[in-house]
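The lines below spell out each chain.
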Amino acid sequence: KKEMTPKRLAVSTLLSLQNLMQSSPALETMTVQDMVAAVEEKIDSAGINGAGTGNIPLGALNHADVNTIAAGANGDNPTWAHIIDLETAVYVANANAAKMGYIINSGTQGRLKKTKHEAGDLGYLMDKKNMINNYEVGVTNLMPGNLSKGTGTDLNAALFGDFNQLLIGQWGFYDLSVDDKSRKKEGYVEITLNTFLDILLRQPKAFSVIKDWVL
């Protein structure tokens with residue numbers, strides 16, 4: 001039995017009266033797009049690294065039941081063995097699916113493109129098609145690169161798995177509220193977008209994480 005509960009996520013922006021006086025619909029569209037983008041970034045952040053406390057969902061990196069691969073006591077450089085271990089843990093748990101992939105940050109991307117499989121092997125951990133071992137890769141700096149372990153600092157995380165098993169629940173539609181009173185003397189209207197969401201790893205063993213790569 002797994003439970004999802006609505007957690008409020010809100011984003012607000014100020015619009016000047018001068019802005020509202022413009023006749024161009026592009027300004028309105030740009031404002032809406034910016035607000036929706038802010039919501040989407042928070043969803044991604046929570047799904048990857050949510051703390052699971054208060055009003056924040058539990059993300060994949062912090063879920064106790066995902067497969068965890070350790071690079072070293074104080075962290076270590078990425079290796080081909082780490083890549084294979086991340087993938088093998090999912091397969092051993094029978095949690096693999098046809099559509100799987102990686103999420104890494106941009107610093108890790110650069111390091112993997114410069115690191116060969118093994119000594120003397122011409123192949124790199126991340127190939128010219130920006131794939132890792134034939135799996136697609138998402139690159140975002142929402143994946144942390146400031147972790148610590150033992151004496152190691154500024155360690156980087158990576159996530160591999162079946163992202164169909166990461167569920168995003170939404171209650172209702174986006175709700176917009178307009179406050180044209182609070183900042184009226186300054187000539188501003190405040191618009192707030194509210195939505196209610198939660199995130200659930202339906203099958204935690206469908207994911208493997210590593211949180212101690214040294215770049």
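Reading guide: rules and limits
Residues numbered from 1 in each chain as written. Predicted model: local features only at pLDDT ≥ 70, side-chain atom pairs only at ≥ 80, totals over all residues. Heavy atoms only, no water. Helix = DSSP H or I, 4+ residues; strand = E, 2+ residues; numbered from the N terminus. Buried < 20%, exposed > 50% of the residue type's maximum accessible area, 1.4 Å probe, protein only. Polar contact = N/O pair within 3.5 Å; in protein donor to acceptor, adjacent residues only side chain to side chain. Contact = heavy atoms within 4.5 Å. Salt bridge = Lys/Arg side-chain N within 4 Å of Asp/Glu carboxyl O. Core = buried A, V, L, I, M, F, W, Y, C linked by side-chain atoms within 4.5 Å. Pairing = 2+ DSSP bridges.

**Q** Is there a simple way to think about the side chain of S208 in this case?
**A** For S208, the position within the fold is in strand β10 (residues 207-213). The exposure class assigned to S208 is buried, which follows from its relative accessible area of 0%. Of note is the side chain of S208, whose polar atom sits 2.7 Å from the backbone oxygen of L86. When residues no more than four places from it in sequence are discounted, the contact partners of S208 are N67, L86, A89, V90, A158, L159 and F160.

**Q** Would you take a moment to explain the pattern of salt bridges for this structure?
**A** Where charged atoms from two side chains of opposite charge approach closely, those side chains can pair. The tally for this structure, following the rule as stated, stands at five salt bridges. One salt bridge connects K7 with D198, and the closest N-O pair in it is separated by 3.2 Å. Separated by 191 residues along the polypeptide, K7 in strand β1 (residues 7-16) and D198 in strand β9 (residues 188-201) bring together distant segments of the chain. There is no split in this pair, since K7 and D198 are both buried.

**Q** How do you make sense of the nonpolar core when you look at a structure like this?
**A** If you look at soluble globular proteins, the nonpolar side chains tend to sit buried side by side. Counting residues in each nonpolar core, the largest one holds 46 residues, and the members touching the most others are Y102 and L159. Of all the secondary structure elements, the ones that give two or more residues to this core are β1, α2 (25-49), α3 (80-92), β3 (101-104), β5 (135-139), β7 (152-161), β9 and β10. Of the residues forming this core, the biggest block, six residues, is contributed by β9. Not counting the four nearest positions on each side in its chain, L159 is found in contact with A60, L61, G101, Y102, I103, M143, F207, S208 and V209.

**Q** What's the story with the pairing of β9 in this structure? I'm lost.
**A** Regular strands have side chains that alternate between both faces of the sheet. Burial of β9 is extensive: eleven of the 14 residues sit out of reach of the surface. Where β1 and β9 come together, ten bridges link them in antiparallel fashion. What sits directly across from L15, in β9, is V189. Relative to β9, strand β8 (residues 166-179) runs antiparallel, the two sharing eleven bridges. What sits directly across from V178, in β9, is I191.

All we've got here are geometric facts, nothing functional implied.
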